[in-house]
Amino acid sequence: MVAENSSSGMFKANQNKGYIVTSPDAASVQRVYGALGIKVLRALGNSQFEMQLQQDAGIEAVSNLALHSNGAITKVQPNYSYQAN
Amino acid sequence: MTFHTRSLISIILLSAAPTLHAAAFNAPAGSYAPSQVLVQFKPNLTSAMQSQTAQSIGAQSIQALATRSNWSIANLPAGQSVAQAVAAYANNPNVAAVQPNYIYHTMAVPNDPQYSQLWAAKNTGQTITAGTYAPTTGTAGDDMNLEAAWNVQTDCSSTIVAVIDSGVNYTSTDLAANMWNGGAAAPLHGWNFVGAGSNDPMDLNGHGTHVAGTIGAEGNNTIGVTGVCWKASIMAVRVMDATGAGTTSSVIQGIDYAITHGAKILNMSLGGQGPFDPAYSAAITRAQTSNVLVVVAAGNSNTNNDAAPTYPCSFTQPNLICVAALDQNYALANFSNFGATSVDVGAPGTNILSTWNGLHTTITDPLNAGWVFSSTTATAAAPSGWGYDLVNPNVMGDALTPTGSQWGFTKYNAGTDDRTYKTFNLAGTNTNVALLSVSAAANLINGDFLNANFKAIGGDPFTAGTNVFSGTNAKDGFILTPSPKFDISACISTTCSIGFQLTSTPTSLRDTGVAIANFRIDTVTLNSTAQNTINGTSMATPQVAGVAALVWSHNPMFTYADVANAIKDSGRPTPSLAGKTTTGKAVDAMRALSYINQPSGLSVVVH
């Protein structure tokens, strides 16, 4: 995967592609992450959703919310980037 | 198409058994004359004795070969099979050798005008005229043995191959006839999963069209090139954008779409180093459950995938084949990733000619004239702001000295808004795509920003323009060309203004700012006739996917495991792949087609 920060060093760019969250339904995702401002929420099938946040605190914070969601969010991972080879 | 030699299967039998017994006779019907055998009588046997011997076995007549003493064609009587005759002659004391009278064909050679440039199909040691990877010539015979395979199978249209990539230019005159028929639900031969998605998987990059052509550019149609499959069913699944970038979300949607719509083989010439991707892995497993084979690229960073996993190559599902790239001498290409436990086979991946999506042009700017500069803080006493670097050619920077000497020696001002922009004509002739790439060296305090914007109607792009990049907090940080590229297609016009902005907070501790270099705009105008010669494990991957399609079309009852075994077990041992791949082999199409599936699940009762 390409690093979220596309430049070397500490240059922080707006390259975050969001997250893949697994949840029974979109309403559950809204309930858990709505306070962070959901910018994009797209169903991917297999109970998976692509999610982008307006206030994105990073994967640790997003995972922490999932852990305390009482099963509303069963999995969360970065939406990794891939490149043509 | 012309014919002039015969199949590999028969050649092996001929060379392996000077005296052939019935037990060893297993050549496929059709590969030999059905009512003749070739007989070599023992020395000093007179013609009369030869005839007598043949008659005793039932021959209707014999005909001595003019140039081979003691060899004769024996014409068999009605009812006697070649196998029976071979056994009878082999047991006769007057016979030195006997074999079927094999039928030879020429190799299948398509009439596509660029065929001689396709060294992967037939390596004669030819020069690849548009090749950019050295060497551009190679070793005759270091190829995928496709001509022999084409004597057996050229049509893969019964096996849908999904090209999960940047899309496919389905209007290419060399691809149009071989695109998947998606019916009314998918009238453009696939689907687009980039962004919000659409039913149009048109390729705005070129990569996917190249991959598709290697698998299935129409063969023997007097146009362009041929794919591994002369006839094919290519499903276009767009998961990467015009810059060649995709995400987990687009890729897994593409995989599920391909599975659901009947694809048997997925070609994924994409990847990236990084953490294990559970969602992607689960999608590969869904493909396995659906009896779908997945062929993927090893990667182009010349690294060991065993040590630094690259996905999808490093996934471990058995329905996945990972492919390294070989050059024209069957050396491992210098960019190719490898891995003794993660990369399976090698295939041609340098100087590969195939279909392309259109005309690509490049606009560069020397960064020494025509840029508009402004600053909210520059004064005679505090003169920093954008300007041309007069020491380093082709560099423009903020925090230059008033006389424009060299970036990096002065600091930008606190509380500033420094802008620069220039207008470009991107309209060209029906331009479809425009991509911006730059290099930027940056020393920015956290909270001070470099922004890049564009505006199609011209003027200051930081007033009602569109942002494509924003970054802060850098110390000797670089954005390196050619990546990342930014899609500025929305700026295609005769008056596209592109600019850079440095902003700083009023309390900024200030640093030396930003230097812009290697300013470049790549444009694409789609057409239906383009071709390109490029390098990569991406180019090796579809060679293998194409062979898989040949095998599966030839053996429709095969499972994904059978096809994978046919490719991996049958390949040609190649020294450069030994210890670098799981098999140490290069893919050989004819050997893969000749692979005989070992029966499984059978039991034998011995009485």
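As the structure is a computational prediction, the values presented were derived from the model and not from experiment. (Residues numbered from 1 in each chain as written. Chains lettered and ligands numbered in written order. Predicted model: local features only at pLDDT ≥ 70, side-chain atom pairs only at ≥ 80, totals over all residues.)

Visitor: What's the story with the overall build of chain A in this structure? I'm lost.
Guide: Broken down by element type, chain A carries two helices and six strands. Each helix and strand of chain A, placed in order from N terminus to C terminus, yields the pattern β-β-α-β-β-α-β-β. Out of the 85 residues belonging to chain A, those deemed buried represent 36%. Nonlocal contacts in chain A, meaning residues at least 24 apart in sequence, comprise 50% of its contacts between residues at least 6 apart. (Helix = DSSP H or I, 4+ residues; strand = E, 2+ residues; numbered from the N terminus. Buried ≥ 20, exposed ≤ 12 C-beta atoms within 10 Å, placed from the backbone. Contact = placed C-beta atoms within 7 Å.)

Visitor: Can you help me understand the overall build of chain B in this one?
Guide: Looking only at helices and strands, chain B features 10 helices and 28 strands. A compact globule built from 607 residues would reach a C-alpha radius of gyration of about 25 Å, whereas chain B, at 31 Å, exceeds it by more than 25%. Within chain B, the proportion of its 607 residues that are buried is 54%. In chain B, once contacts between residues fewer than 6 apart in sequence are set aside, the share between residues at least 24 apart is 76%. (Rg over C-alpha atoms; globule rule 2.2 N^0.38 Å.)

Visitor: Which parts of the structure should I look at to understand the sheet that holds strand E2 (residues 19-22) of chain A?
Guide: Consider a sheet: its strands pair through backbone hydrogen bonds, and that pairing is either parallel or antiparallel. Here four strands make up an open sheet; going across it, the order is E3-E4-E2-E5 (chain A) and the pairing antiparallel. Unpaired on one side and paired on the other, strand E3 (38-45) and strand E5 (75-78) of chain A mark the two borders of the sheet. Neighbouring strand axes in the sheet, compared pairwise and without regard to direction, differ in orientation by 25° on average. In this structure, E3 of chain A lies alongside strand E4 (residues 48-53) of chain A, joined through six bridges in antiparallel fashion. Bridge pairing in E4 of chain A links Ile38 of chain A to Leu53 of chain A. The strands that helix H6 (residues 248-260) of chain B touches are E2, E3 and E4 of chain A; relative to E3 of chain A, the one it contacts most, it runs at about 25°. (Pairing = 2+ DSSP bridges. Axes fitted to C-alpha atoms, helices over the stretch in contact; angles between N-to-C directions.)

Visitor: Any chance you could explain the sheet that holds strand E10 (residues 270-273) of chain B here in plain terms?
Guide: Ordered by their spatial adjacency, four strands build an open sheet running E8(B)-E6(A)-E10(B)-E12(B), and the pairing between neighbours is antiparallel. With one partner strand each, in any of the chains shown, strand E8 (245-247) and strand E12 (310-311) of chain B form the two edges of the open sheet. Here strand E6 (residues 81-84) of chain A runs beside E8 of chain B; their pairing, made up of three bridges, is antiparallel. Following the sheet pairing, Tyr82 of chain A is matched in E8 of chain B by Gly246 of chain B. Sheet strands touched by H6 of chain B: E6 of chain A together with E8 of chain B. Its angle to E8 of chain B, the strand with the most contacts, is close to 80°.

Visitor: So what exactly am I meant to see when it comes to the pairing of E2 of chain A here?
Guide: For a regular strand, side-chain orientation follows a simple rule: the groups alternate between the two sheet faces. Residues and elements named next belong to chain A. As paired elements, E2 and E4 share four bridges and run antiparallel to each other. Residue pairing in the sheet places Ile20 in a bridge with Glu50 of E4. Examined bridge by bridge, E2 and E5 share four bridges and lie antiparallel to one another. Pairing of Val21 across the sheet is with Val76, part of E5.

Visitor: So what exactly am I meant to see when it comes to unusual backbone geometry here?
Guide: Among all residues except glycine, the phi angle is most often negative; among peptide bonds, the trans geometry is most common. A cis amide bond, omega 5°, links Ala134 of chain B with the succeeding residue Pro135 of chain B. With respect to the element layout, Pro135 of chain B can be found in the loop between strand E4 (95-102) and helix H4 (146-150). Across the junction of Tyr311 of chain B and Pro312 of chain B, the peptide omega takes the value 15°, indicating a cis bond. Within the secondary structure, Pro312 of chain B is located in the loop between E12 and strand E13 (320-326). Unusually for a residue other than glycine, Ser47 of chain A sits at a positive phi of about 60°. Position of Ser47 of chain A among the secondary structure elements: in the loop between E3 and E4. Backbone geometry places Asn220 of chain B, a non-glycine residue, at a positive phi of 60°. Following the sequence through the fold, Asn220 of chain B ends up in the loop between helix H5 (207-216) and strand E7 (231-238).

Visitor: Would you explain helix H3 (residues 82-90) of chain B in this entry?
Guide: Turn by turn, an α-helix covers 3.6 residues, leaving residues three or four places apart pointing in a common direction. Regarding H3 of chain B, the residues found buried are Val82, Ala85, Val86, Ala88, Tyr89 and Ala90 of chain B. The inward-facing, buried residues of H3 of chain B contact strand E1 (32-41), helix H2 (47-57) and E4 of chain B.

Visitor: Sorry, what's going on with the environment of Tyr32 of chain B here?
Guide: For Tyr32 of chain B, the position within the fold is in strand E1. Each C-alpha atom of the pair Tyr32 of chain B and Gln99 of chain B lies 9.6 Å from the other, and the pair is 67 residues apart in sequence.

Visitor: Sorry, what's going on with the confidence of the model for chain A here?
Guide: Regions with low pLDDT carry predicted coordinates that are not meant to be interpreted in detail. When pLDDT is averaged along chain A, the result is 85; 82% of the residues meet or exceed 70. Predicted confidence for residues 1-14 of chain A stays below pLDDT 50, and this span has 48 contacts to residues more than four positions away or in other chains. (pLDDT = per-residue confidence, 0-100.)

Visitor: What should I look at first to understand the packing of H5 of chain B against helix H8 (residues 537-554) of chain B in this one?
Guide: Axis angle and axis distance: for two packed helices, these are the angle between their axes and the distance between the axes, and together they describe the pair. All names here are of chain B. One can describe the packing of H5 onto H8 by two numbers: an axis separation of 8 Å at closest approach and a directional angle of 35°. The two elements H5 and H8 meet at a crossing, and its hand is right-handed. Across from His207, His210, Val211, Thr214, Ile215 and Gly216 in H5, the residues of H8 making contact are Ser538, Met539, Pro542, Gln543, Ala545, Gly546 and Ala549. When grouped by side-chain class, the residues that make up the contact of H5 with H8 number six nonpolar, seven polar and no charged. (Left-handed = near helix turned anticlockwise from the far one by under 90°. Nonpolar A, V, L, I, M, F, W, Y, C, P; charged D, E, K, R; others polar.)

Visitor: Would you take a moment to explain the environment of Pro43 of chain B for this structure?
Guide: Residues and elements named next belong to chain B. One can find Pro43 in the loop between E1 and H2. Looking at Pro43, the number of C-beta atoms within 10 Å reads 8, which means it is exposed. In sequence terms Pro43 and Tyr330 are 287 residues apart; their C-alpha atoms lie 46 Å from each other.

Visitor: Before we go on, may I ask you to explain the nonpolar core in this structure?
Guide: Generally speaking, a soluble globular protein has its nonpolar side chains buried in company with each other. Residue and element names in this part refer to chain B. Ranked by size, the top nonpolar core spans 126 residues in total, and within it Val161, Val163, Ile234, Ala548 and Ile567 carry the most contacts. No other element matches H8, which puts 10 residues into this core. For Ile567, the residues in contact, after removing those within four places along its chain, are Ile321, Val345, Val544, Val547, Ala548, Val551, Val587 and Ala592. The next biggest cluster of nonpolar side chains, apart from the first, holds 46 residues, and it includes Trp386, Ala452, Cys496 and Phe519. (Core = buried A, V, L, I, M, F, W, Y, C linked by C-beta atoms within 7 Å.)

Visitor: For this particular structure, what's the right way to read the packing of H6 of chain B against helix H7 (residues 278-289) of chain B?
Guide: Residue and element names in this part refer to chain B. Close contact between H6 and H7 brings their axes to 9 Å; oriented N to C, the two are set at 10°. Classed by the angle they form, the pair H6 and H7 counts as roughly parallel. Packed against H6, whose contacting residues are Thr248, Val251, Ile252, Ile255, Asp256 and Ile259, the element H7 presents Ala279, Tyr280, Ala283, Arg286 and Ala287 at the interface. Here the residues of the contact of H6 with H7 sort into eight nonpolar, one polar and two charged. (Parallel < 35°, antiparallel > 145°, perpendicular 65-115°, else oblique.)

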